[in-house]
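# Results of the structural survey
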Amino acid sequence: MSSPSATQETADNQDLINDRSFSLLQISRSAKFGRTSAETGNLASVEDALLRLKTNRLFEYNQPVYIAPMAKSNLQAPDNSALPLMDMVREFLAGNGQVMLILGDSGAGKSTFNRHLEYQLWTNYEAGDCIPLFINLPALDRPDKDLVAEQLRYCDFSEEQIRDLKLHRQLVLICDGYDESQLNSNLHTTNVFNRPGKWNVKVLITCRTQYLGPDYRDCFAPKASGQYNRAAYGLFHEAVITPFTKDQIEVYVDKYVPLEPRTWVKEDYMERLATTPNLMDLVRNPFLLTLALEALPSVVESRADLSKLHVTRVELYDTFVKHWLGVNKRRLQEQTLKDGKLDALKELLADGFEQNGIQFQRNLAAAIFWEQDGRPIVDYSHRRDKTSWKGVFFGLEPDTTFLRESSLLSRAGNQHRFIHRSVLEYFFSCFVWDTSRDDNEFAPHVYSEATGVSLPVTDHPLSKRSLVPEPSVIQFLAERVQMQPIFKQYLLAIIELSKSDPLASIAASNAITILVKAGRHFNGADLRGIRIPGANLTGGQFDSAQFQDSDLTGITFTKAWIRQADFSRARMGETRFGELPSLREATHIQSCAFSPDGRTFATGLRNGNISIYDTTTWTRIRLFIGHETAVWSLAYSTTGLQLLSGSSDGTVRLWDGETDTTDRILKDHSEEVTAVAFSPSGMQFASASADKSVRLWDTRTGTVTFVIEHYGDVTEIAYSPDENNIAFCCLDAQVQVFDTRTGFLALGSGMNNEGYLCLKYSPNGQSIVSGDFFGDLQLWEVTTMMPRIEWKGHSEDVNSVEFSPDGQWIVSGSDDKTVKVWSGDAATLVSVFTGHTDFITSVTFSPDGSLIASGSGDQTVRLWEVNSAAFGLDKDSAFDSKPSIAYSPDGRFLISGSRAGAIEQHDAESGEIGLVIRRQEAEVNSIAYSSDGRQIAMGGFVGDVTLWNAYTGALENTLRGHAMDVRRIVDVIAVVFSPCGQWIASCDEMTVEIRNARSGRSIQVIPGGRHSFASLSFSSNGAEIAFGSEWGEVQVWDVTTGKCKMAKNRANLLCFVKHLPRSLQVVSSHGGEGAYLWDEEGQHARVILQHSGIAIQNFAFSSCGQWIASVQDDTVHLWRSPLEVKPQDWKYVLAVEGCLGRIEEIFWRPNKLEFATADMSGSTRVWRVVERFGKVQVQLVWGAGGGGGLAVSGSLLDDAIGLNAINRNVLEQRGVVLSKTL
């Protein structure tokens, strides 16, 4: 990609103003074509009107800083493939395309580009040229019916001139703000453009990306001539504006600084942007960059340590608004005012100009939402509207005029709007919670017994409407909760009020939605009788919460943690849980597929059978019996009338899709058939086999067209969308593409060290995604078969991948039991779904993209809602799986390390994230606090151990290199400090290295021989260190002498070791055999922690030594020793179930009966052991990150009202007690 400076030079030198071919789009001057003499006489009149429009539009253009935006070809394309957007528009205007859609996030610069494009087109305009017409869609009443004529009337064209333009001219319609006009119609179709006798146009439309659904192209693509129900995608272009690069930001800052006198220079701004956490990512959005540059000097004022400064979007807006109003106040003070205007200004100044300015704008934003349902443009005529609500803000009174002209508003004629949609949403959030006054005007009126506050709740802004459909407003308010604890208490009071006042239900629904978004936990909360219909509780934590008799109608509980919650007698009609009931089979599911129309769903089973389900009821309607052994692969024909299956019995079968009969049985392969696929046309199908061949078949005759021989086992095949090519991947670590018309090799990826298990083409045919043995995924450029992106997706084999039908997402399923969804272009993690209890064999999207189906060795198919509100991760919870956690020695902090190479430091009480350490080049396998709590050690992928300051996050030391030999760097599996503070030890699979904790100098390197190390533990005095291996061996070494004191092997099972608190005795775990307690000499051991059906995979002691928490997959088992009787005799107490991923680490909080778990779903959770009336219970204190899925085990729904059959089935499958529902 070219640099921004080069891009800007290109934009300057090759823009419309210097390129006549672009100016008129190489469209001949049609004004003179086919005119009568009378019509030619009207030409001067039309051209005069166009000249006036050109003059006005050029005069109104004002853009002091313009950076030419870059854009990629579609949502799925990578950002680094972006080209200058102006070049893409030039290509569109010069070609045959009719509609170009320009997408971008809020604040990406869509409107700025549109204005610049219009300016360039008008600058280059000559009589008879194609006419640029900028149209602000939200300003029109009926853009779907009379788009061009309505805009021309607004520009003072007569009806005769409009008719003339319609008959004889071509226009370029630059349509801005499709999303803000709240349209969902196809403007090209509804306005009947480019049909005989209709407007001859080229249409550019801009829209926020967030506004679009999965089938958004149908709202913009022209319809084929004579076939109005079929989209003409060949006439449709698309571009997606990409975020600013660092170089573009620097160019912008360079142009911004000279605009007015400033105390900061360019280098000051760039340094603050780079050193303030998360700010550089935030300002890749051009509008937020503008806000940040205005606000930054005030935000960082008197902040010496920028590494601890966490800047949020709402804080940027707060500071920018105050700065803006301060500048305008000084401007007014410098003006010469007379009489009433001067008095009005003095009154405003005396009352607080900035405060009144904020009040004015927040009230205007509220009026726009109340009176216009959020429609952003206010059309004001003083004569017509002065007595309406609009007159309050746009009247001619001096004080109103001062405030309006000092506000973040823009005006075009009689039309007024905030300068950006997000500014409107920000001020509306300020109206909900008035930050301009310390004593919030609403706060004194609310009452609840918990807070002693009272309020006529119907007067509150939160009672006016549901804010759930306004995610940006919710986000602003959630950030406000984190900044102002009083706001949190106020929202809690509203929720409490809803128990007694039915009129508080809307406000309470909004309140709890905001709090959940802000990360507030409701574990163990008394929510009996609350009224929160329609609330969005996505990802919320409600462990052991009391919901009895509550109104939960229309609630969204997707990915919520509602384990052990009580919903007795709650109203739960239309509640959404984000999942459908699982499909259960009698054996492993090996493959699955949707029919093209989505009406049926097929599963291939290990026993050779194929089940067919009706997707309206999700009941099995047919069973295909024929294969002798596992059905590895399934594929429907394009028509859905045929189903193809490949089996380990070596046969390919072609089934009649509507009966249980076999049309063909093909036995040409000599080994098991690993994959089958239909070509997009259905005229050909393919099969791959362990016999090292791929066969292409003629569907009609069942004969082999080509046999492609290979020297490795082929694991997956996929046709390109144009079916000219077929790609396959192999265990010999290659991805190859063959021509389906010749059978010859077209492209190959070359060899590497990884074996590929699965692959699929993107819907546009430009990319291939693959997954391999090592949990990695790759995105390949089809034209070169070079990997564009490669990333660590899973901890174990990736067995299945697929693109969503629109190419926006990639789904992957793995042996690690997780389903993950990634963005189709950047491969960033979007969502994690957990709940399977065994390896995942197959994942697929439904044809409409609304569902993901995942088949597993646990004999179930899980059905996940893609379009649920939970489809996405918050920025603070987007870390990948977390294999390691540790408490600080004083128990105040909990740190968690992630596969993504980051450490988060949480407040141990609340879970709030403070320090974040990011090390992008290495995943984190193990972390540990030093005994004094001043350092954090991190061990990971690159073989080094790094030491970080626990207070500042600064890197203090790097302890180089675990290595098997000079050619290979290996993972650091575990790292641990000695309790005495003198030593730090780390291990890879084959060696343990002990160093001086202060100097980092190596003291000992202990080889593992044939045993692979898995865990480390120091004795309480630091004199001894114990190791556990993957093969069941326990070793104890004297740290000072370097001698082995003990080496025992109990079983060939993964062994974890821990020292008994305040003792030299070692405890080792050995899977299903339980755990062994060794004497201090290491000669004798006795079995502890043994219970029927329980395997000890990992364990941890409480600091008092009385409690042990052990791990088995996704379950924690709790054990207790009555210290006064037998201090080393632990008895089984209970199981803590409901975790949504395999637990990787468990750690007790010092001096507390709380323990933390980290699991493969990316979640860190803290649990509290409580004993009441002689009964032990474990309650969730808080959780962070991941989420993965719905957790409902142990919940009660006695007499719950309104649950439909599908939801009842889901809940019962997830472990909910449903004794009776109404």
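Located above this text is the structure these notes cover.
First, a word on scope: everything that follows refers to the structure included in this document. Along each chain, numbering runs from 1 in the same order as the chain's sequence is written. Residue-level local features of this predicted model are given only where pLDDT is at least 70; pairs of side-chain atoms are given and counted only at 80 or more, and the full residue set underlies all totals for whole chains, interfaces and linings. Heavy atoms from the whole structure form the basis of all side-chain values; hydrogens and water molecules are not counted.

## Brief notes about the overall build of the protein
Along the protein, the regular secondary structure elements total 24 helices and 70 strands. Across the 1222 residues that make up the protein, the buried fraction comes to 60%. Working rule for contacts: check all heavy atoms of both residues, and any pair within 4.5 Å makes them a contact. Across the protein, the fraction of contacts at a sequence separation of at least 24, relative to all contacts at a separation of at least 6, is 52%. As displayed, the protein has an accessible area near 48500 Å², and 49% of this comes from carbon and sulfur atoms. Runs of H or I in DSSP of at least four residues are treated as helices and runs of E of at least two as strands, each being numbered from the N terminus. Relative accessibility decides the category of a residue: with a 1.4 Å probe and only protein chains considered, values under 20% of the type maximum give buried, values over 50% give exposed, and everything between is partly exposed. Where accessible areas are quoted, they stem from the Shrake-Rupley method and a 1.4 Å probe; at the residue level, only the protein chains shown are allowed to cover.

## Things to note about the pattern of salt bridges
The salt bridge definition used is simple: a Lys or Arg side-chain nitrogen within 4 Å of an Asp or Glu carboxyl oxygen. Throughout the structure, instances matching the rule amount to 40 salt bridges. Across the pair Arg620 and Glu585 runs a salt bridge, and its minimum N-O distance is 3.2 Å. One end of the pair, Arg620, is in strand E17 (residues 619-624); the other, Glu585, is in the loop between strand E13 (579-584) and strand E14 (589-594), and 35 residues separate them in sequence. Its relative accessible area of 46% is what places Arg620 among the partly exposed residues. Given a relative accessible area of 10%, Glu585 falls into the buried group. A salt bridge links Asp713 to Lys692; its shortest N-O distance comes to 3.3 Å. Separated by 21 residues along the polypeptide, Asp713 in the loop between strand E25 (704-709) and strand E26 (714-719) and Lys692 in the loop between strand E23 (684-689) and strand E24 (693-698) bring together distant segments of the chain.

## Concerning the packing of aromatic side chains
Two aromatic rings, drawn from Phe, Tyr or Trp (for Trp, its six-membered ring), form a pair once their centres lie within 6.5 Å of each other, and the interplanar angle then sorts them: stacked below 30 degrees, edge-to-face above 60, tilted otherwise. Within this structure, the stated rule accounts for 45 aromatic pairs. Plain terms: the ring middles of Trp433 and Tyr490 are 5.5 Å apart, the flat faces sit at 40° to each other, and that makes the pair tilted. On the criterion of sequence distance, the pair formed by Trp433 in the loop between helix H20 (421-432) and helix H21 (471-483) and Tyr490 in helix H22 (residues 485-497) is long-range, its members being 57 residues apart. By the burial criterion, Trp433 is buried, and Tyr490 matches it. When the centroid spacing of 5.7 Å and the interplanar angle of 65° are considered together, the rings of Phe601 and Trp618 count as edge-to-face. Highlighted residues: Phe601 in strand E15 (residues 600-605) and Trp618 in the loop between strand E16 (610-614) and E17, separated in sequence by 17 residues.

## Side note on the side chain of Ser1015
Counting through the fold element by element, Ser1015 comes out in strand E55 (residues 1013-1018). In protein, a polar contact requires one atom able to donate a hydrogen and another able to accept it; more generally it is a pair of N or O atoms within 3.5 Å, and residues adjacent in sequence count only if both atoms are side-chain atoms. Engagement of the side chain of Ser1015 in a polar contact is seen with the backbone nitrogen of Val1057, the distance being 3.1 Å. Setting aside chain neighbours within four positions, we find Ser1015 in contact with Ala1026, Phe1027, Gly1028, Cys1055, Phe1056 and Val1057.

## A look at the packing of H20 against H21
Fitting a line to C-alpha atoms yields each axis, with helices limited to the stretch in contact; the angle taken between N-to-C directions then spans 0 to 180 degrees. Closest axis-to-axis distance for the H20/H21 pair is 9 Å, and the angle between their directions is 50°. Of the possible angle classes, the one that applies to H20 and H21 is oblique. With respect to the hand of their crossing, H20 and H21 are arranged in right-handed fashion. Along its contact with H20, which presents Ser422, Glu425, Tyr426, Phe428, Ser429, Cys430 and Val432, the element H21 presents Ser472, Val473, Phe476, Leu477 and Arg480. Any angle that is under 35 degrees is reported as roughly parallel, and any over 145 degrees as roughly antiparallel; angles of 65 to 115 degrees are reported as roughly perpendicular and all others as oblique. Left-handed describes a crossing whose near helix is turned anticlockwise from the far helix by less than a right angle; the clockwise case is right-handed.

## Here's the deal with empty space enclosed by the protein
The method works on a 1 Å grid over the protein atoms by themselves. A cavity is a set of points holding a 1.4 Å probe that cannot get out, a pocket is an open set with protein on both sides within 12 Å along at least five of seven lines, and residues with an atom within 4 Å of a point line them. Grid points are joined across faces, edges and corners, and a volume is the space filled by probe spheres set on the points. On inspection of all chains with the given rule, the structure shows four cavities of 30 Å³ or more. Each pocket or cavity is described by its volume, and for the largest cavity that value is around 60 Å³. Along its surface, the largest cavity is lined by Glu1024, Val1036, Lys1045, Met1046, Leu1064, Val1066, Trp1078, Asp1079, Glu1080, Glu1081 and Gly1082. Its residues assigned to classes, the lining of the largest cavity comprises five nonpolar, one polar and five charged. Any residue outside Ala, Val, Leu, Ile, Met, Phe, Trp, Tyr, Cys, Pro, Asp, Glu, Lys and Arg is labelled polar, Gly included; the first ten of those are nonpolar and the last four are charged.

## Thoughts on the pairing of strand E28 (residues 735-739)
Burial analysis of E28 places five of its five residues in the buried class, the great majority of the element. Every second residue of E28 is oriented toward a common face, with Val735, Val737 and Asp739 on one face and Gln736 and Phe738 on the other, all of them buried. When DSSP finds two or more bridges between two strands, those strands count as paired. Pairing of strand E27 (residues 725-730) with E28, which is carried by five bridges, proceeds in the antiparallel orientation. Of the residues in E28, the one forming a bridge with Phe728 is Gln736. In this sheet, strand E29 (residues 745-748) lies alongside E28 in antiparallel orientation, the contact comprising three bridges. The partner of Val737 across the bridge, within E29, is Leu747. In this structure, the hairpin formed by E28 and E29 is closed by a connection of five residues, where Gly743 is found at a positive phi of approximately 80°.

## With respect to the sheet that holds strand E67 (residues 1143-1148)
Pairing is antiparallel in the open sheet, where four strands are placed in the order E67-E68-E69-E70. Both edges of this open sheet fall to E67 and strand E70 (1175-1184), since each of them pairs with a single strand only. Put simply, the sheet's adjacent strands are angled 25° from each other on average, direction ignored. Sheet topology places strand E68 (residues 1154-1159) next to strand E69 (residues 1164-1172); five bridges connect them, and they run antiparallel. Along E69, the bridge assignment pairs Thr1157 with Arg1165.

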